[in-house]
Amino acid sequence: HRDTPPGAVWPHGWPPRYTQRVLQLPLTEASVLDLVADLSAGALPPLQYVAGLLHAAKASLAQLPNVLRHDVPTGCAVTVVGDLHGQFGDLLHVLRSRGFPSPARPFVFNGDFVDRGPASVEVALTLFAFQLLLPNSVFLNRGNHEERSVHALYGFQRECNAKYAPDAGGAAAYELFSEAFEHLPLATLLNGKVLVLHGGVDDEMTLEQLERLPRKEYAVNQANLLGTGRPGLVHPHMRARLAEIAAREKELRPINSALWNDPCAEPGVYPNRYRGTGLLFGADVAAGFLERSGLGLILRSHEQVPEGFHWPYGPGRHLATVFSASNYAGKTLNKGAYALLGATGSRLSDPALSPLPLDAAPGAAAPAASPAAEEEGATAEHPFG
């Protein structure tokens, strides 16, 4: 990352431009749409307004439970968006395709808003603004990249410092983002049956555990326990808390699972040596969690999949993956997707695949999805519950 030119974190040219528009709190629909328009045109809000928005976002998120609950109104559909990783063009595509969030058009954004892409600041500001405007219709789940030890390593800290210079007070912006991320909820439960969380589950985890744990205290710290030989993902800022965190490792394991775990073909659980933390879990583990919790489906993200959407255990079985960053980090030729779950009575229909175009360049606005693409990706309705 050190050799990356400044333009790599600001695709609209260098140096960054800043709007003179006042961003007043509390936010209104007009002010949020103005913010999105400015960001789309390559104009960032001044630091003073970013700070105000992030303070408000932190205060709002801190009041929320670990597991959010939302009942999708009958006849409506909830849009679940997977990893965006700083690809603002993909977020704009989703909003253009589905429409802006509203009480009749709820959204769940399932973590990993930042890192690797060039516009993490824009993505995070947009999502926080919509959450503040529509707290009962926009739900933000934490991903593994919304953790200081990770986003300091994979680009977000550098991007913040490039767009809001530390020597001009910009270091406060990165700290405020980090503090807001610590308060993000861990999961969203839809209609009491579909659990949306970023990573996965394990063989002991229960929904009740996830609900009662102190999410702000979590820091990733398992890498050295897996015998990988890789250094632990621990930011220097967190080292003073390592002894305390290590003592609570077993208690906080469900959070690590919710953020880091991945499905695998084999039954049981295994250390995830590729990631250096978290576990791999089989279909039996996913089924056991659903049975213990009285749920019908896990909808998760966390893994880039070629078509943007995947049933790792087979169609309709236990768990689905949705990933929304197309051509991820400019290094892969993958589609992005979002999942649609429509309520029929008190039941939710099966996630319908809505692919983003394969040729959508990271950080650039993607063309709107064609009706054919929407129709081609739809799956048959299958009620859970």
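Trainee: Before we move on, can you summarise the overall build of the chain with the specific residues and values?
Mentor: In terms of regular secondary structure, the chain is built from 13 helices and 17 strands. Looking at the chain as a whole, 56% of its 385 residues qualify as buried. Put simply, the chain shows about 15100 Å² of open surface, and 55% of that area lies on carbon and sulfur atoms.

Trainee: Got a sec to walk through the sheet that holds strand β8 (residues 194-197)? Specific residues and values, please.
Mentor: To summarise the sheet geometry, strands pair through backbone hydrogen bonds and adopt either a parallel or an antiparallel arrangement. Taken together, the six strands give an open sheet; going across it, the order is β3-β7-β8-β12-β14-β13, and neighbouring strands pair in mixed fashion. Every other strand in the sheet has two partners, leaving β3 (67-70) and β13 (309-310) as the edge strands with one partner each. Across three bridges, strand β12 (residues 297-300) lies against strand β14 (residues 319-322) in parallel orientation. The partner of Arg-300 across the bridge, within β14, is Thr-321.

Trainee: Please set out the packing of aromatic side chains residue by residue, giving values where relevant.
Mentor: Taken as a whole and judged by the stated rule, the model has ten aromatic pairs. Judged by centre distance (6.0 Å) and plane angle (50°), the rings of Phe-156 and Tyr-174 are tilted. Linking Phe-156 in helix α6 (residues 156-163) with Tyr-174 in helix α7 (residues 171-182), this pair joins segments that are 18 residues apart in sequence. Each of the two residues, Phe-156 as well as Tyr-174, counts as buried. Ring centres 5.2 Å apart and planes at 80° place the aromatic pair Phe-323 and Tyr-328 in the edge-to-face group. Note on accessibility: Phe-323 and Tyr-328 belong to one class, buried. Joined through ring pairs, the aromatic side chains of Phe-128, Phe-156, Tyr-174, Phe-177 and Phe-181 make up one cluster. Over the aromatic face of Tyr-154 sits the side chain of Arg-116, whose NZ or CZ is 4.6 Å from the ring centroid.

Trainee: Got a sec to walk through the environment of Pro-306? Specific residues and values, please.
Mentor: Structurally, the position occupied by Pro-306 is in the loop between β12 and β13. Take Pro-306: its relative accessible area is 58%, and that puts it in the exposed class. The spacing of Pro-306 and Asn-334 is 28 residues in sequence and 4.6 Å in space, taken between C-alpha atoms. Residues in contact with Pro-306, not counting those within four places in the same chain, are Asn-334 and Lys-335.

Trainee: If you had to explain the pairing of strand β5 (residues 107-110) to someone new, which residues and values would you point to?
Mentor: Within a regular strand, side chains alternate between the sheet's two faces. The alternating pattern of β5 places Phe-107 and Phe-109 and Val-108 and Asn-110 on opposite faces, both of which are buried. Bridge count for strand β4 (residues 77-81) against β5 is three bridges, and the pairing is parallel. What sits directly across from Val-81, in β5, is Phe-109. Considered for its hand, the β-α-β crossover made up of β4, helix α3 (residues 88-98) and β5 is right-handed. Here β5 runs beside strand β6 (residues 138-141); their pairing, made up of four bridges, is parallel. Within the sheet, the bridge partner assigned to Asn-110 lies in β6 and is Asn-141.

Trainee: Provide a residue-level description of the pattern of salt bridges, including the pertinent values.
Mentor: Once their charged atoms are close, side chains differing in charge can pair, the charge on each being opposite to the other. Evaluated as defined, the whole model comprises 15 salt bridges. A salt bridge links Lys-163 to Glu-159; the shortest N-O distance between them is 2.7 Å. Of the two residues, Lys-163 and Glu-159 both sit in helix α6, four residues apart, roughly one turn of that helix. In this pair, the class of Lys-163 matches that of Glu-159, namely buried.

Trainee: Tell me about the confidence of the model for the chain, and please be specific about residues and values.
Mentor: Caution is warranted with low-pLDDT regions, since their predicted coordinates should not be read in detail. Residue-level pLDDT values for the chain average 83, and 78% of them are 70 or greater. Note that residues 1-7 has pLDDT below 50 and, in this model, six contacts with residues that lie over four places away or in other chains. A low-confidence stretch, residues 356-385 stays under pLDDT 50, and its non-local contacts, those more than four residues away or across chains, total 79 contacts.

Trainee: Outline the sheet that holds strand β10 (residues 269-271), supporting the account with residue identities and numerical values.
Mentor: With mixed pairing, the three strands of this open sheet are ordered in space as β9-β11-β10. Of all strands in the sheet, those bounded by a partner on one side alone are β9 (262-263) and β10. Taken together, the two bridges between β9 and strand β11 (residues 279-281) define a ladder with parallel strand orientation. Within the sheet, the bridge partner assigned to Pro-263 lies in β11 and is Phe-281.

Trainee: Give a description of the nonpolar core that names residues and reports values.
Mentor: In terms of nonpolar packing, the biggest core is built from 49 residues, with Leu-53, Phe-109, Phe-128 and Phe-177 touching the most fellow members. Top contributing element to this core by residue count: helix α4 (residues 120-133), with eight residues.

Trainee: Please provide a residue-by-residue account of the packing of helix α2 (residues 47-62) against α7, values included.
Mentor: Taken N-terminus to C-terminus, the directions of α2 and α7 make an angle of 15°; their axes are 9 Å apart at the nearest point. Here α2 is positioned roughly parallel relative to α7, judged by the angle of their axes. With respect to the hand of their crossing, α2 and α7 are arranged in left-handed fashion. Counted together, Leu-47, Val-50, Ala-51, Leu-54, His-55, Lys-58 and Leu-61 of α2 and Ala-173, Leu-176, Phe-177, Glu-179 and Ala-180 of α7 form the full contact between these two elements. Looking at side-chain class alone, the contact of α2 with α7 contains nine nonpolar, one polar and two charged residues.

Trainee: Describe in detail the packing of α2 against α4, supporting the description with residues and values.
Mentor: Describing two packed helices takes the angle between their axes plus the distance from one axis to the other. α4 packs onto α2 with a crossing angle of 55° between their chain directions and a minimal axis gap of 10 Å. In terms of orientation, α2 lies oblique with respect to α4. Note on packing geometry: the crossing formed by α2 with α4 is left-handed. From α2, Val-50, Leu-53, Leu-54, Ala-56, Ala-57, Ser-60 and Leu-61 reach across to α4, where they touch Leu-125, Phe-128, Ala-129, Gln-131 and Leu-132. Its residues assigned to classes, the contact of α2 with α4 shows ten nonpolar, two polar and no charged.

Basis of the calculations
- Residues numbered from 1 in each chain as written.
- Predicted model: local features only at pLDDT ≥ 70, side-chain atom pairs only at ≥ 80, totals over all residues.
- Heavy atoms only, no water.
- Helix = DSSP H or I, 4+ residues; strand = E, 2+ residues; numbered from the N terminus.
- Buried < 20%, exposed > 50% of the residue type's maximum accessible area, 1.4 Å probe, protein only.
- Areas by Shrake-Rupley, 256 points an atom, 1.4 Å probe, with all protein chains shown as cover.
- Pairing = 2+ DSSP bridges.
- Phe/Tyr/Trp six-rings, centres within 6.5 Å; stacked < 30°, edge-to-face > 60°.
- Lys NZ or Arg CZ within 6 Å of the ring centre and 35° of its normal.
- Contact = heavy atoms within 4.5 Å.
- Right-handed = clockwise from strand over helix to strand, strands pointing away.
- Salt bridge = Lys/Arg side-chain N within 4 Å of Asp/Glu carboxyl O.
- pLDDT = per-residue confidence, 0-100.
- Core = buried A, V, L, I, M, F, W, Y, C linked by side-chain atoms within 4.5 Å.
- Axes fitted to C-alpha atoms, helices over the stretch in contact; angles between N-to-C directions.
- Parallel < 35°, antiparallel > 145°, perpendicular 65-115°, else oblique.
- Left-handed = near helix turned anticlockwise from the far one by under 90°.
- Nonpolar A, V, L, I, M, F, W, Y, C, P; charged D, E, K, R; others polar.

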